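Next come the chains, spelled out residue by residue.
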Amino acid sequence: MNKELVNKKIQIIQNFDCNSKLLSGNSMGIYFKFHSEKNLTIYFKPLNEVFNADVFTHQGILLNFERELIDEDDVEYALDVFSLFNKYPKFELTERLKVAQVQNVFQLLKDEFYSNELSYIMLKTLLKVLLLHLIRFQNHSFLEQDLSQKRVFQFLELMEIHFLEHTNASFYADEIGISMKRLNQILKEKLNLTAKQIIQQRQITEAKRILVRSDITTKELAFKLGFDSISSFSRFFKKHVGDSPSAFRINH
């Protein structure tokens, strides 16, 4: 994969500020502030959210990547990453060894990103190693999270497992144990999207991934994603992507 295509999937921005442009709303962001050898502050931007204002009080470095980089791996890993991003918007590391481990892996990721011999596989592997480190460190913390944020993660976790067979938001509200109205209120508050919109976004991401990585027919893909006809799926896809499924496959 050439550098131009890689830059559409992942970016690293030194001295990131509020005017810096992210890849898309459907991307995930990590903002690193290396204060000292034993003090690192990490801010997470989950899907469809923005960084909190206090991120910009000190200069740091941004890692921004499209969700498809984690969708290409197993579901358990994807869920761990969603948990990492949705538990706490801000995370502190105050142990010298942990800070050094994150810094070292991140430096390898940066070196590969800026290399003239850039390898997409290497870049994605280093990103996974970095995320696995952060998941491990975060799981050892005991920070509190508010109930609404827990609901958001519950919904995202359930959707990742069931979105192919359950596209109705009421299923997820019932599983979480709240009304659909309350679920949408929480999601609008936290992500500025309704449950239906998030499910549709996930369908589009999955459709793109399958179109590029397999020879499945449009008809098979439509039924796989829960549509009752090719025409309804094609209209849905073109509305959100701007191309028909067949045109998207050819172009990518």
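Cut-off values and rules
Residues numbered from 1 in each chain as written. Predicted model: local features only at pLDDT ≥ 70, side-chain atom pairs only at ≥ 80, totals over all residues. Heavy atoms only, no water. Axes fitted to C-alpha atoms, helices over the stretch in contact; angles between N-to-C directions. Helix = DSSP H or I, 4+ residues; strand = E, 2+ residues; numbered from the N terminus. Parallel < 35°, antiparallel > 145°, perpendicular 65-115°, else oblique. Left-handed = near helix turned anticlockwise from the far one by under 90°. Contact = heavy atoms within 4.5 Å. Nonpolar A, V, L, I, M, F, W, Y, C, P; charged D, E, K, R; others polar. 1 Å grid on protein atoms, 1.4 Å probe; cavity = no way out; pocket = protein on both sides within 12 Å on 5 of 7 lines; lining within 4 Å. Points joined across faces, edges and corners; volume = space filled by probe spheres on them. Buried < 20%, exposed > 50% of the residue type's maximum accessible area, 1.4 Å probe, protein only. Pairing = 2+ DSSP bridges. Phe/Tyr/Trp six-rings, centres within 6.5 Å; stacked < 30°, edge-to-face > 60°. Lys NZ or Arg CZ within 6 Å of the ring centre and 35° of its normal.

S.K.: Any chance you could explain the packing of helix α3 (residues 75-87) against helix α5 (residues 120-139) here in plain terms?
M.R.: The geometry of a pair of packed helices is captured by two quantities: the angle between their axes and the separation between those axes. Closest axis-to-axis distance for the α3/α5 pair is 10 Å, and the angle between their directions is 60°. By the angle between their directions, the pair α3 and α5 is classed as oblique. Between α3 and α5 the crossing geometry is left-handed. Within the contact between the two elements, α3 uses Tyr77, Asp80, Val81, Ser83, Leu84, Phe85 and Lys87 and α5 uses Lys128, Leu131, Leu132, Leu134, Ile135, Gln138 and Asn139. Its residues assigned to classes, the contact of α3 with α5 comprises eight nonpolar, three polar and three charged.

S.K.: I'm lost on the layout of surface pockets in this one. Help?
M.R.: Empty space among the atoms becomes visible once a probe the size of a water molecule is rolled across them. Taken as a whole, the largest pocket holds about 860 Å³ of empty space. Lining of the largest pocket is provided by 26 residues; of these, Lys9, Glu68, Lys208, Phe248 and His252 occupy positions nearest its centre. At the level of secondary structure, the elements contributing two or more residues to the lining of the largest pocket comprise α9 (195-213), α11 (230-241) and α12 (245-251). Here the residues of the lining of the largest pocket are counted per class, giving eight nonpolar, nine polar and nine charged.

S.K.: Honestly, the pairing of strand β4 (residues 61-66) in this entry has me stumped. Any pointers?
M.R.: Remember that side chains alternate between the two faces of the sheet whenever the strand is regular. By the criterion of burial, β4 is predominantly enclosed, with six of the six residues buried. Burial along β4 is two-sided: the residues Ile61, Leu63 and Phe65 and Leu62, Asn64 and Glu66 are all buried. In the sheet, strand β1 (residues 10-14) pairs with β4 via five bridges, with the strands oriented antiparallel. Paired with Gln11 across the bridge in β4 is Asn64. Inspection of the sheet shows strand β2 (residues 27-36) paired to β4 by six bridges, in the antiparallel sense. Within β4, the position partnered with Tyr31 by the bridge is Leu62.

S.K.: Help me understand the sheet that holds strand β5 (residues 90-93) in this model?
M.R.: Working definition: the strands of a sheet are paired by backbone hydrogen bonds and lie parallel or antiparallel to each other. In space, the five strands of this open sheet follow the order β1-β4-β2-β3-β5, with antiparallel pairing throughout. Taken across any chain shown, the strands that pair with only one partner, and hence form the sheet edges, are β1 and β5. Taken over all neighbouring pairs, the strand axes of this sheet differ in orientation by 15° on average, direction set aside.

S.K.: Even after reading the chapter, I still don't get the packing of aromatic side chains, so can you show me in this structure?
M.R.: Describing an aromatic ring pair means giving the distance of the ring centres and the angle of the ring planes. For the structure on display, the rule yields 13 aromatic pairs. Relative to Phe237, the ring of Phe233 has its centre 5.9 Å away and its plane inclined at 50°; by these criteria the two rings are tilted. Within this pair, Phe233 and its partner Phe237 are both found in helix α11, separated by four residues, close to a single helical turn. The exposure classification of Phe233 matches that of Phe237, with both residues buried. Following the ring pairs from residue to residue traces out a cluster consisting of Phe227, Phe233, Phe236, Phe237 and Phe248. We note Lys128 situated over the ring of Tyr77; from NZ or CZ to the ring centre the distance is 4.7 Å.

S.K.: I keep staring at unusual backbone geometry and nothing clicks. Help me out?
M.R.: Phi is mostly negative for residues that are not glycine, and the peptide bonds are mostly trans. The phi torsion at Asn192 lies on the positive side, around 60°, for a residue other than glycine. Here Asn192 lies in the loop between α8 (180-191) and α9. Overall, Asn192 belongs to the exposed group, its relative accessible area being 54%.

S.K.: I tried to follow the pairing of strand β3 (residues 39-45) on my own but got confused; where do I start?
M.R.: Taking burial as the measure, the seven residues of β3 include six buried ones, the bulk of the element. Two strands pair when backbone bridges link them, and β2 and β3 are joined in this way by seven bridges, in the antiparallel orientation. Bridge assignment links Ser36 to a residue of β3, and that residue is Asn39. Between β2 and β3, which pair antiparallel one after the other, the connecting turn spans two residues. Two strands pair when backbone bridges link them, and β3 and β5 are joined in this way by four bridges, in the antiparallel orientation. Paired with Thr41 across the two strands is Glu92, which belongs to β5.

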